[in-house]
Amino acid sequence: MAEISQNKKDLAQARTKTSFDVEDMTNYLYGGPSNVEQRRYIIDLVAREPIFSRDDWPWLNHTEAVKRGVAMSARLAEIKMEHELNDLDFATLVEAVDDSLPILLHNGAFIPVINSQGSDEQIEKWIPAAEKYQIIGCYAQTELGHGSNLSGLETTATFIKDKDEWEINSTSFTATKWWIGGLGTMCTHAVVQAKMIIDGKDYGAHVFVVPIRSLEDHKPFPGIEVGDIGPKAYGGFSKMENGFARFNKYRIPRENMLMRFSKVSRDGVYTKPPHDKLSYGSMVLLRSVLIRQMGLFTSRSTTVATRYLTVRRQFNNPTQRNDADLNPGLETQVINYPMVQNRLFPMIAQAYALFAAGSVMMMMYINLMTGLSKGQISALAEVHAMSSALKSYCTTIGAAAAEECRKMMGGHGFSIFTGLSHIFAHIVPSNTYEGDNYVLTQQMARYLLKEIKTARTDPEKVTPFSKYVLLTLNRNQFTRSSCSVTKPEDWLNPEIQLAAFEHRCARLTLELSDAVEAGGGLESTTGMTWSDHNIECYRVSHAHAQYVIVLWFIQAIRDAQDPEADEDRRAKPETIKVLNKLANLHALHTIQTNLADFSEDAYFSPAQCQSLRAQVKALVASLADDAVGLVDAFDHPDFLLDSALGASDGDAYKRLWDKAQTEPLNRREVCEGYEEHIRPLLKKHGEVKL
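Looking at the overall build of the protein chain
Helix and strand counts for the protein chain stand at 22 helices and eleven strands. Computed over C-alpha atoms, the radius of gyration of the protein chain comes to 28 Å, within 12% of the 26 Å expected from 2.2 N^0.38 for 690 residues, which places it in the range of a compact globule. Here the C-alpha coordinates of the protein chain stretch approximately 90 × 80 × 60 Å along the principal axes. Within the protein chain, the fraction of its 690 residues that count as buried is 53%. In the protein chain, the share of contacts with a sequence separation of at least 24, taken over all contacts with a separation of at least 6, comes to 75%. As displayed, the protein chain has an accessible area near 31,300 Å², and 53% of this comes from carbon and sulfur atoms. In the protein chain, which carries 73 positive and 85 negative side-chain charges, the distance between the mean positions of the two groups comes to 3 Å.

Quick look at the sheet that holds strand β4 (residues 177-180)
Across the sheet, which stays open at both edges, the three strands sit in the order β4-β8-β7 with antiparallel pairing between neighbours. Only two strands of the sheet have a single neighbouring strand rather than two, namely β4 and β7 (224-228). Ignoring which end each strand starts from, the neighbouring axes of this sheet average 15 degrees apart. Bridge count between β7 and strand β8 (residues 243-247): five bridges; the pairing is antiparallel. Bridging from a neighbouring strand, Val226 pairs with Ala245 of β8.

Regarding the pattern of salt bridges
Under the defined criterion, the tally for this structure stands at 45 salt bridges. Across the pair Asp632 and Arg15 runs a salt bridge whose closest N-O atoms are separated by 2.6 Å. Here the residue Asp632 occupies a position in helix α19 (residues 627-632), and Arg15 occupies one in helix α1 (residues 6-15), the gap between them amounting to 617 residues. For Arg15, a relative accessible area of 30% translates into the label partly exposed. Where salt bridges share partners, they join Arg504, Arg507, Glu511, Arg539, Asp597, Glu600 and Asp601 into one cluster.

Quick word on helix α18 (residues 606-622)
End to end, α18 covers 25 Å across 17 residues, agreeing with the expected 24 Å (1.5 Å per residue, within 8%). Turning to α18, its buried residues number three or more, namely Gln608, Cys609, Ser611, Leu612, Gln615, Val616, Leu619 and Val620. Buried residues belonging to α18 abut α9 (338-373), α16 (573-593) and α17 (595-599).

Regarding the packing of α9 against α16
The contact between α9 and α16 brings their axes to 9 Å, and the two run at 110 degrees. With respect to α16, the axis of α9 lies roughly perpendicular. Touching Asn342, Phe345, Pro346, Ala349, Gln350, Tyr352 and Ala353 of α9 are Leu579, Leu582, Leu585, His586 and His589, all from α16. Class assignment for the residues of the contact of α9 with α16 results in eight nonpolar, four polar and no charged.

Re the nonpolar core
The biggest cluster of nonpolar side chains holds 135 residues, and the ones touching the most others in it are Tyr28, Phe345, Tyr352, Leu390, Phe553 and Phe604. It is α9 that contributes the most residues to this core, 19 residues altogether. In contact with Tyr28, other than residues within four places in its own chain, are Tyr352, Phe553, Ala556, Ile557, Ala560 and Leu579.

Observations concerning the packing of helix α10 (residues 380-408) against helix α11 (residues 420-427)
Close contact between α10 and α11 brings their axes to 9 Å; oriented N to C, the two are set at 160 degrees. Taken as axis vectors, α10 and α11 run roughly antiparallel relative to one another. Classified by chirality, the crossing of α11 by α10 is left-handed. Touching Thr395, Gly398, Ala399, Ala402, Glu403, Cys405 and Arg406 of α10 are Leu420, Ile423, Phe424 and Ile427, all from α11. Across the contact of α10 with α11, the residue classes break down as seven nonpolar, two polar and two charged.

Notes on unusual backbone geometry
One non-glycine residue, Tyr234, lies in positive phi territory at about 60 degrees. Even without being glycine, Phe237 reaches a positive phi, approximately 50 degrees. Relative to the helices and strands, Phe237 is located in the loop between β7 and β8. Overall, Phe237 belongs to the buried group, its relative accessible area being 13%.

Considering the packing of aromatic side chains
A complete count under the given rule lists 18 aromatic pairs for this structure. Taken together, a centroid distance of 4.9 Å and an interplanar angle of 45 degrees make the contact between Tyr352 and Phe634 tilted. With Tyr352 in helix α9 and Phe634 in the loop between α19 and α20 (638-641), this pair connects stretches of sequence that are 282 residues apart. Judged by relative accessible area, which is 0%, Tyr352 ranks as buried. Residue classification places Phe634 among the buried positions, given a relative accessible area of 0%. With 5.4 Å between their ring centres and 80 degrees between their planes, Phe465 and Trp552 make a pair best called edge-to-face. Of this pair, Phe465 sits in the loop between α12 (441-457) and α13 (475-480) while Trp552 sits in helix α15 (residues 534-560); the two residues are 87 residues apart in sequence, bridging distant segments of the chain. Taking relative accessible area as the criterion, Trp552 reaches 1% and is therefore assigned buried. A network of ring pairs unites the aromatic residues Trp491, Phe501, Phe598, Tyr603 and Phe604 as a single cluster. The residue whose ring lies beneath Arg54 is Phe639, and the NZ or CZ to ring-centre distance is 4.5 Å.

A few points about the environment of Asn256
In this structure, Asn256 sits in the loop between β9 (250-253) and β10 (263-264). For Asn256, a relative accessible area of 2% gives the class buried. Residues Asn256 and Asn584, spaced 328 residues apart in sequence, show a C-alpha to C-alpha distance of 52 Å.

Looking at the state of the cysteines
Applying the stated criterion to the full structure yields zero disulfides. Between Cys187, a cysteine without a disulfide, and Cys138, which holds the nearest cysteine sulfur, the sulfur-to-sulfur distance is 3.9 Å. By relative accessible area, Cys187 is classed as buried at 0%.

Some thoughts on the side chain of Thr176
With respect to the element layout, Thr176 can be found in the loop between β3 (165-170) and β4. Owing to a relative accessible area of 2%, Thr176 belongs among the buried residues under this scheme. Contact partners of Thr176, with chain neighbours within four places excluded, come to Thr142, Glu143, Leu144, Phe244, Ala245 and Arg246.

Observations concerning the pairing of strand β5 (residues 189-198)
Most of β5 sits inside the fold, with nine of its ten residues counted as buried. As judged from the four bridges shared by strand β1 (residues 137-140) and β5, these two strands associate in the parallel manner. Residue pairing for β5: Cys138 is matched across the bridge by Ala190. Pairing analysis gives three bridges linking strand β2 (residues 155-160) to β5, with the strands arranged parallel. Bridge pairing in β5 links Ala157 to Met196. The pairing of β5 with strand β6 (residues 201-211) spans nine bridges and is antiparallel. Paired with Val191 across the strands is Val209, a residue of β6. Between β5 and β6, which pair antiparallel in sequence order, lie two residues; one of them, Asp199, sits at a positive phi of approximately 50 degrees.

Calculation criteria
For every chain, the first residue of its written sequence is number 1, and the numbers climb from 1 along that sequence. Only residues with pLDDT of at least 70 are given local features in this predicted model, and only at 80 or more are side-chain atom pairs given and counted; all residues enter the totals for whole chains, interfaces and linings. Only heavy atoms go into the side-chain values, all of them from the structure, while hydrogens and water stay out. The secondary structure listing takes helices from DSSP runs of H or I that are at least 4 residues long and strands from runs of E that are at least 2 residues long, numbered from the N terminus. Radius of gyration: over C-alpha atoms. The globule rule applied is 2.2 Å multiplied by the number of residues raised to the 0.38 power. Residue exposure (1.4 Å probe, protein chains only): buried if accessible area is under 20% of the type maximum, exposed if over 50%, otherwise partly exposed. Pairs of residues are marked as contacts when any of their non-hydrogen atoms sit within 4.5 Å. Here the Shrake-Rupley method, with its probe set to 1.4 Å, supplies the accessible areas, and only the displayed protein chains count as covering residues. Here the positive residues are Lys and Arg and the negative ones are Asp and Glu; neither His nor the chain ends is included. Lysine's charge is taken at NZ, arginine's at CZ, aspartate's at CG and glutamate's at CD. Two strands qualify as a pair provided DSSP detects at least 2 bridges between them. Orientation is described by axes fitted as lines to C-alpha atoms, over the contacting stretch for helices, and by angles from 0 to 180 degrees between their N-to-C directions. A carboxyl oxygen of Asp or Glu within 4 Å of a side-chain nitrogen of Lys or Arg is what we treat as a salt bridge. Expected helix span is taken as 1.5 Å per residue step, with the number of steps being one fewer than the number of residues. Orientation categories follow fixed angle ranges, with anything under 35 degrees roughly parallel, anything over 145 roughly antiparallel, 65 to 115 roughly perpendicular, and all other angles oblique. Under the convention adopted here, Pro, Cys and the residues Ala, Val, Leu, Ile, Met, Phe, Trp and Tyr are nonpolar, Asp, Glu, Lys and Arg are charged, and Gly plus all remaining residues are polar. Side-chain atoms within 4.5 Å are what join buried Ala, Val, Leu, Ile, Met, Phe, Trp, Tyr and Cys residues into a set we call a nonpolar core. In this scheme the handedness of a crossing depends on how the near helix is turned from the far one: anticlockwise by less than a right angle means left-handed, clockwise means right-handed. Working definition: a ring pair exists when centres of Phe, Tyr or Trp rings (six-membered ring for Trp) sit within 6.5 Å. Plane angles under 30 degrees give stacked, over 60 give edge-to-face, the rest tilted. In our convention, an over-ring charge means Lys NZ or Arg CZ found within 6 Å of a ring centre and within 35 degrees of that ring's normal. The disulfide definition used here is simple: a pair of cysteine sulfur atoms within 2.5 Å.

Rendered as structure tokens:
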């Protein structure tokens, strides 16, 4: 019988120290045991399909990867139909596949855009075929010359009145649609954002359903030039064939303009929508999904890092936590070093917070769309601003977490077999798609400026998550306010934590408002323009995002203790105890990381700053025994992690060795190129005797 490796022993021993029921924590994270069971079932559907095997992913070139992506897409669609999976189950299916595929924007953008912006007749025409994958669509907005600036798009849709058609045209080289996921090889249709022109008048960007390829032989239609834009940075999105398209006066029927809100009649009369932001629903969906996705990615990154750092031993430096009594003479486990804990544990807490935030944001989106379907638009501005702020913040910290986990794992962390490079490459583009993370923060900033004006004229109309602007109404009292912490344990009071975040958000909003007013207002073109305030926009937007994430995490834990809640959604007392530690660590570490914002107006005293740091350090230390249990509770199977160093059995070194043996170079005793290059170099100056 083979001897159990020390790596395995170390991880098994760490699990015995967990103070809570891991399965109960998993149930909390995913909303009850039935959801957990369904998630495991869906992931297993993918894991047992050979087409989704990851064994050869590192060796595929771009062309091979795209071909694999098309095959995976087809099987993914078949599984969805065979098992009649709903949208939530399909999202889990996509999570399990763990790569961007050509078909994903069909379900993630093409269908939602038509459902939200199409008339009942258009939905009836396009959606049944789309749901059966008889047509496959994508979303085409970005152009070679323009991305975030929707008003700058150069593709036009000109109404040809005598033919009752739209003429789609790329008016310049830079009007080429670019980066369009699924367009490179697979899609037959696209929902295209184009400037609508009627009788020479530009009515701005509208959405059109544009057939791209024949349903008979898949060839592009005359008037359309389409293809793939090539490999992406870091090897990311390798199976997604992001495409380009150029339109040369390509005609489509008038009815292909989506007309739930905007309409154009047979004689070219334009009816504008009741609200100019009604089309934002689809953008809110994609941004809302990213919040939860960043929680899942961060939970995977921290799972891999925590397990590996538990089995990795380096140096014999003594720490307050060691296993010298169990393993005398062995080096110290890396996870026992306080500096490592201080880097790692706040990210575990962050992942838990993102799970809570993702659930709330998705519920806000669902409620928004329910309201829009009834003509209710009151929630649109807040939900759009909220999704923008959270998308910017969460994708930023998600990418940072993946990279920080890689760095903590030392030299081995640079191996592709950690699984972290794949996560990083998957997250990084989200910092720019669906709105550049810096540009996007202007949305929340503008919204908060409107909220502070509302507070001064009609305070009762301020929306719930912006109530902190009411603090600024009594400016003298507000500027004199300070944190109420008097002893270190006060920092563990959620109300004190929230008060600090609210004060910070209120102050930054007030300062931005004052600066904008002093500069001549939002539309000023002289003196201080809006662009001059963009740095402040970033600060206030991320401050708001941090505030609501802290708030929603606290609320989620309270909900898990609610005696009126369904039993499946209640957590055990020992689970709540650890969750409270995580919520405290998340809130206080966020404050510590942004301490200047909280203290530059003297809201915190120097003594409070010192006690804050001490409390963060104590919280980190208090979670040490639970670290492995906390990442086990994320419930990511080895198939999904695809990590030699982060596998559930802890056998990191053996698994890393086994993975290295799959390298194609190792199939030959003497490498290719020896005769052509290495031997001539060695023999260039004759034989040598050593």
